[in-house]
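These are the residues of each chain, in order.
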Amino acid sequence: MQSLSRALVVTRNFPPLTGGMERVNYHAYQALCRQYSVAVCGPEGAGVFAEKDTPIAESPLSPLSSYLFHTQWQALRMAWRVHPEIVYSGSGLTAPAALMAGRAAGAKTICFLHGLDIVAGHAAYRHIFLPAIRRFDRVLVNSQHTASLAMQAGIKIEKISIVHPGVELPEWDERESARLRFREKFGLKNKQLLLSAGRLTQRKGIAEFIRYTLPGIASRFPQTMLLIIGEEPKNALRHTQGVTDDIKKAIRETGLDDHVALLGGVDEKCLSDAYFASDIMIFPVLNLPGDVEGFGMVAIEAAAHGLLTLGFAVGGTPDAVAEGVSGCLLPFGDYASLAEQIIRKLETGIADRWSRQCRKHAEKFEWEIFRQRFLAACQA
């Protein structure tokens, strides 16, 4: 039976766009559908991914000014149409539109912040969007670090709830067949595999890892391969052009052409196989002004496949990696120690103890747990 309660989701980060924020908001939408009749103001194509009885208003992604104006109008229209009791903004970008819609409907307003929503340095954003975020009734954040950033930005602590993003657990019994399948497909049977997965942005620190860490590892283990899965984001608000070129430049500078493979974007099945096939997930995130790693979902995805993560304790990464359980995090910029840790793990072999510990850690982040915690935070 359909609930009499109604909710309105206002977000740019929703399928068909892909990425961590999009997955979070899709599962947030699914969670709300359990207790509310939900309407969505999303990007073009969102209706394909919503339930068939969900009222949908879509907005063109570009130019940004048009998207913001269109979303503001659509959110108001939808609020007048469905009279929601909750209005949820999937990021800081849609906060003004969601806040105005919530005020028009007399609804409770909730915003999910992912890190960049707080540290974005654009003057208009800091003078319009952040003040709107401060006026929300509840603010959900993806990590302890994002919570501290939110408080620094003037959001009252009593409004803040930490809700970690989730993960889908793959079939554990398929790990050996997946490992063999991936290694055979790419001709990697006897190599030590380091993996980097996710959007190619400067913040991920892959070029720096190749320059400062990979040479020592390749010298000790000549069969080492760094696999880089991902592409520069096409619909992101921050411009990231040039990251792939910098990675290729780092490969040329170090002469490690035979030790790095840029695989580009792959489908979910191939990515899952890559996690199972690899020996270590690397996460050498940079500490950049005006940019932040809000959580580190790929570290949880790696753990779900039994793959430990080694990297730097930057931003919200410590929320995603359990020290000594699902990996190890070092102080930012300590590339020498990072190389030593990776070499030590490769020397001793990745024991089954690590894989099972990683899996147990990831089980705490299943999407079902996220949906329960999200609903509880919304209703607090």
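The model shown is predicted, which means the values in this text are computed figures rather than measured ones. (Residues numbered from 1 in each chain as written. Predicted model: local features only at pLDDT ≥ 70, side-chain atom pairs only at ≥ 80, totals over all residues. Heavy atoms only, no water.)

*Asks:* When you look at the environment of Ala 120 in this model, what are you seeing that I'm missing?
*Replies:* Mapping Ala 120 onto the fold places it in the loop between α4 (116-119) and α5 (123-134). For the pair Ala 120 and Gly 290, spaced 170 residues apart in sequence, the C-alpha to C-alpha distance is 5.6 Å. Excluding anything up to four places from it in sequence, Ala 120 contacts Tyr 125 and Arg 126. (Helix = DSSP H or I, 4+ residues; strand = E, 2+ residues; numbered from the N terminus. Contact = heavy atoms within 4.5 Å.)

*Asks:* Teacher, can you tell me more about the nonpolar core here?
*Replies:* Nonpolar side chains tend to gather and get buried jointly when the protein is soluble and globular. Judged by nonpolar contacts, the single largest core of 92 residues is most densely connected at Ile 210, Ile 342 and Phe 374. Among the elements that make up this core, the one with the highest residue count is helix α12 (residues 297-304) (seven residues). With sequence-adjacent residues up to four places away left out, Ile 210 is seen in contact with Pro 215, Leu 226, Ile 228, Ile 247, Ala 250, Ile 251, Thr 254, Leu 256 and Val 260. If you look at the next biggest cluster of nonpolar residues, it comprises 37 residues, including Val 10, Ile 118, Ala 132 and Ala 153. (Core = buried A, V, L, I, M, F, W, Y, C linked by side-chain atoms within 4.5 Å. Buried < 20%, exposed > 50% of the residue type's maximum accessible area, 1.4 Å probe, protein only.)

*Asks:* What am I meant to see in the side chain of Glu 232 here?
*Replies:* Mapping Glu 232 onto the fold places it in the loop between β9 (224-229) and α10 (243-254). Lacking a salt bridge, the buried Glu 232 has Lys 248 as its closest oppositely charged neighbour, with an N-O distance of 8.3 Å. At a separation of 3.4 Å, a polar atom in the side chain of Glu 232 contacts the main-chain amide nitrogen of Val 243. In terms of polar contacts, Glu 232 uses its side chain to reach the side chain of Thr 244, at 2.8 Å. (Lys, Arg positive; Asp, Glu negative; His and termini not counted. Salt bridge = Lys/Arg side-chain N within 4 Å of Asp/Glu carboxyl O. Polar contact = N/O pair within 3.5 Å; in protein donor to acceptor, adjacent residues only side chain to side chain.)

*Asks:* Which parts of the structure should I look at to understand the pattern of salt bridges?
*Replies:* One side chain can pair with another of opposite charge once the charged atoms of both are near each other. Applying the stated criterion across every chain, the model contains 14 salt bridges. Between Arg 34 and Glu 368 there is a salt bridge, with its nearest N and O atoms 2.5 Å apart. Remark: Glu 368 occurs in helix α16 (residues 367-378) and Arg 34 occurs in helix α1 (residues 20-35); sequence separation between them is 334 residues. When its relative accessible area of 28% is taken as the criterion, Glu 368 is described as partly exposed. A salt bridge links Asp 279 to Arg 183, with the nearest nitrogen and oxygen atoms 3.4 Å apart. A residue pair is termed long-range when its members are at least 10 positions apart, and Asp 279 in the loop between α11 (268-277) and β11 (280-283) and Arg 183 in helix α7 (residues 175-185) qualify at 96 residues. Considered together, Asp 279 and Arg 183 belong to a single accessibility category, that of buried residues.

*Asks:* Explanation requested: unusual backbone geometry in the structure shown.
*Replies:* Most peptide bonds are trans, and most residues other than glycine sit at a negative phi. Note the cis peptide between Pro 15 and Pro 16, where omega equals 20°. Here Pro 16 lies in the loop between β1 (6-10) and α1. A cis amide bond, omega -5°, links Ser 62 with the succeeding residue Pro 63. Structurally, Pro 63 is set in the loop between β3 (56-59) and α2 (64-82).

*Asks:* Looking at this model, I keep getting lost on the sheet that holds strand β12 (residues 309-312). Mind explaining?
*Replies:* Strand pairing in a sheet is mediated by backbone hydrogen bonds. Such pairs are either parallel or antiparallel. A sheet is described by the order of its strands in space; here six strands give the open sequence β10-β9-β8-β11-β12-β13, paired in parallel fashion. One side of each edge strand has no neighbouring strand; the edge strands of this open sheet are β10 (260-264) and β13 (327-330). Pairwise comparison of adjacent strand axes, ignoring direction, gives a mean angle of 20° for this sheet. In this sheet, β9 lies alongside strand β8 (residues 192-197) in parallel orientation, the contact comprising six bridges. Bridged to Leu 194 within β9 is Leu 226. Against the sheet, α11 touches β8, β9 and β11, its axis set at about 135° to β8. (Pairing = 2+ DSSP bridges. Axes fitted to C-alpha atoms, helices over the stretch in contact; angles between N-to-C directions.)

*Asks:* What is the right way to look at the sheet that holds strand β4 (residues 86-89) in this model?
*Replies:* Reading across from one edge, β3-β2-β1-β4-β5-β6-β7 is the order of the seven strands in this open sheet, with parallel pairing throughout. Either end of the sheet is taken by a strand with one partner, and the two such strands are β3 and β7 (160-162). Strand-to-strand twist across the sheet, computed as the mean angle between neighbouring axes with direction ignored, equals 20°. Pairing of strand β6 (residues 138-141) with β7, which is carried by three bridges, proceeds in the parallel orientation. Within β7, the residue paired with Leu 140 across the bridge is Ser 161. Docked against the sheet, α1 engages β1, β2 (37-43), β4 and β5 (108-113), running at close to 160° with respect to β2. With respect to the sheet, α2 is in contact with β1, β2 and β3, its orientation differing from that of β3 by roughly 170°.

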